[in-house]
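The primary structure of each chain is shown beneath.
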Amino acid sequence: MDADGTSLLNVVDVEATCWEDRTPPGEVSEIIEIGLTVVDLAARERPARHRILVRPARSSVSPFCTGLTGLTQDEVDTGMSFAEACRELAAEHRAGQRPWASWGDYDRRQFTRQCRATATPYPFGSRHTNVKAVFTEARGLRKRPGMAQALALAGLPLEGRHHRGEDDAWNIAALVLALAEQGAWPTAEGAPR
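What this report covers is the structure whose coordinates are included nearby.

Criteria and cut-off values
Residues numbered from 1 in each chain as written. Predicted model: local features only at pLDDT ≥ 70, side-chain atom pairs only at ≥ 80, totals over all residues. Heavy atoms only, no water. Helix = DSSP H or I, 4+ residues; strand = E, 2+ residues; numbered from the N terminus. Buried < 20%, exposed > 50% of the residue type's maximum accessible area, 1.4 Å probe, protein only. Pairing = 2+ DSSP bridges.

Next up on the list: unusual backbone geometry. Trans is the prevailing form of peptide bonds, just as negative phi is the prevailing case for residues other than glycine. Phi at Arg44 is positive, roughly 60°, even though this residue is not glycine. Within the secondary structure, Arg44 sits in the loop between β2 (31-40) and β3 (45-53). The phi torsion at His163 lies on the positive side, around 70°, for a residue other than glycine. Along the chain, His163 turns up in the loop between α6 (147-154) and α7 (165-181). With relative accessibility at 29%, the residue His163 sits in the partly exposed group.

The next thing to look at is the pairing of β2. β2 sits mainly inside the fold: ten of its ten residues count as buried. Alignment of strand β1 (residues 8-16) against β2, held across nine bridges, turns out to be antiparallel. Bridge assignment links Leu9 to a residue of β2, and that residue is Val39. Pairing geometry for β2 and β3, over seven bridges, is antiparallel. If you follow Val38 over to β3, its bridge partner there is Ala48.

Here is the structure:
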């Protein structure tokens, strides 16, 4: 519950520098876009969506990465530093107080790695839910689906561009709302990590 009495959740999706084959010498995978959709679980709506561009410090955007995400080096060069992005998440989006969710554990692990590597304070609290795990269990699936496949299984459209952080967060939030409608979204006390 937020201070205003609403049950808000931040759904986060990141895009990071990536390469078709091996990581080039001297470079590391870094977050270049943070998509965040606010979900009001009580009202069953997505009241806000945000996009934070992050300027990489130890890598560059490869042609493969641009093909996958649509993000270019010129575009991410206009972004803020990773430390500034983490401060914005904490100050503007209440990341430390509000529970958050992502599709799988990649986003949480990437933040953990990058915060550790750059000595940046971790912006999130400990209440994280792996939406992919909840969806898989709720559907009784043997294998965890990708986000686009999960949308199709749920009868929901894929809105925007897949592998664009802002759009993916919006789509993951739609899956969260569908799970909540079915009574399959975990309560705060029982939220999986």
